[in-house]
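Below, each chain spelled out in residue letters.
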Amino acid sequence: MSDGLTQLFIEAMAKHLPPSASQLNLLDIGGQAGEVLRELRDDLHVIAVSSDVKTWDEAVSMGSIDAVVAFDHRPDDQFYRAVLRVMRAGGRLIMVNPRGQVSEHDGRQLENEGYTRILIETAVASPLPVGVLIRGEKPHTTSDTLERVQK
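Predicted model only: the values in this text are computed from it and were never measured.

Structural notes on the side chain of Asp43
Consideration 1: By the element assignment, Asp43 lies in the loop between α2 (34–40) and β2 (44–49).
Consideration 2: A polar contact of 2.2 Å, which involves the side chain of Asp43, links it to the side chain of Ser20.
Consideration 3: Of the polar contacts made by the side chain of Asp43, one reaches the side chain of Arg41; its length is 2.8 Å.
Consideration 4: With near-sequence residues (within four places) excluded, Asp43 lies in contact with Ser20, Ser22, Gln23 and Leu24.

Below you can see the structure in the form of structure tokens.
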């Protein structure tokens, strides 16, 4: 895969990062996207970890991550559950599979694991559609937006 296409995939991920008022704690699975994302957003505190979920406890506190990104990673149920553990309520998982295709299966899998606000779409159109971008959020603990903001 060309460096230019990889750049486009990671830029597509950046569009789905949540806004932040000061600093956004970002967990970069496999360490492939963090450097480019940091160039695009100076509010990111990037923590790169391996794809082995057993090692994450050493790198991050549970519930402390605002967003998790994974580029060219093949997730399984254990991965999805581990991401939910490390993310704060409302945190986002953003993945790009450069060889994947949009599939209902990915959405169902996220939904079955407890994610909300799920989005599955073509990652890049350059000029033909390439790859799949998958996004899901950890549910908030309260449905009252004002109460969440005041916390």
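From this point, the narrative continues.
Section: the nonpolar core
Consideration 1: Residues Leu27, Trp56, Val68, Phe79 and Leu93 are the most contacted members of the largest nonpolar core, which totals 24 residues.
Consideration 2: Put simply, the parts of the chain that give this core at least two residues each are β1 (24–29), β2, β3 (65–71), α4 (77–86), β4 (87–97) and β6 (129–137).
Consideration 3: The leading source of residues in this core is α4, at 6 residues.
Consideration 4: Beyond its immediate chain neighbours, meaning those up to four positions away, Phe79 contacts Ile29, Val53, Trp56, Ala70, His73, Leu93 and Met95.
Consideration 5: By size, the runner-up hydrophobic cluster in this structure holds 21 residues, among which are Ile10, Ala12, Leu37 and Ala67.

Some remarks on α4
Along an α-helix, a turn takes 3.6 residues, which lines up residues three or four apart on a common side.
Consideration 1: Buried within α4 we find Phe79, Tyr80, Ala82, Val83, Leu84 and Val86.
Consideration 2: As for α4, its buried residues are in contact with β1, α3 (56–59), β3, β4 and α5 (104–113).
Consideration 3: For α4, the side-chain oxygen to backbone nitrogen distance between the N-cap and Gln78 is 3.3 Å, and the N-cap itself is Asp76.

Structural notes on the sheet that holds β6
Consideration 1: With respect to topology, 6 strands assemble into an open sheet ordered β2-β1-β3-β4-β6-β5, the strand pairing being mixed. Lying at the two open borders of the sheet, with one neighbouring strand each, are β2 and β5 (116–125). If you compare each strand with its neighbour and ignore which way they point, the axes differ by 20° on average.
Consideration 2: When β5 meets β6, the two strands line up antiparallel, connected through 7 bridges. Within β6, the position partnered with Ile120 by the bridge is Ile134.
Consideration 3: Running at roughly 140° to β4, α4 makes contact with β1, β3 and β4 of the sheet.

Observations concerning the pairing of β4
Consideration 1: Counting buried positions over the 11 residues of β4 gives 9, a clear majority of the element.
Consideration 2: Here β3 pairs with β4 via 6 bridges, running parallel. Paired with Ala70 across the bridge in β4 is Met95.
Consideration 3: The parallel pair β3 and β4 is bridged by α4, and the resulting crossover is right-handed.

Here we look at the packing of aromatic side chains
Consideration 1: Summed over the entire model, instances satisfying the criterion amount to 4 aromatic pairs.
Consideration 2: Measuring from centroid to centroid gives 5.9 Å for Trp56 and Phe79, while their planes differ by 80°, and the two rings are edge-to-face. Here Trp56 is found in helix α3, whereas its partner Phe79 is found in helix α4, with 23 residues between them in sequence.
Consideration 3: Judged by relative accessible area, which is 1%, Trp56 ranks as buried.
Consideration 4: We classify Phe79 as buried; its relative accessible area is 2%.
Consideration 5: Three or more aromatic residues link up through ring pairs in this structure, and these residues are Trp56, Phe79, Tyr80 and Tyr115.

Reading the values: rules and limits
- Residues numbered from 1 in each chain as written.
- Predicted model: local features only at pLDDT ≥ 70, side-chain atom pairs only at ≥ 80, totals over all residues.
- Heavy atoms only, no water.
- Helix = DSSP H or I, 4+ residues; strand = E, 2+ residues; numbered from the N terminus.
- Polar contact = N/O pair within 3.5 Å; in protein donor to acceptor, adjacent residues only side chain to side chain.
- Contact = heavy atoms within 4.5 Å.
- Core = buried A, V, L, I, M, F, W, Y, C linked by side-chain atoms within 4.5 Å.
- Buried < 20%, exposed > 50% of the residue type's maximum accessible area, 1.4 Å probe, protein only.
- Pairing = 2+ DSSP bridges.
- Axes fitted to C-alpha atoms, helices over the stretch in contact; angles between N-to-C directions.
- Right-handed = clockwise from strand over helix to strand, strands pointing away.
- Phe/Tyr/Trp six-rings, centres within 6.5 Å; stacked < 30°, edge-to-face > 60°.

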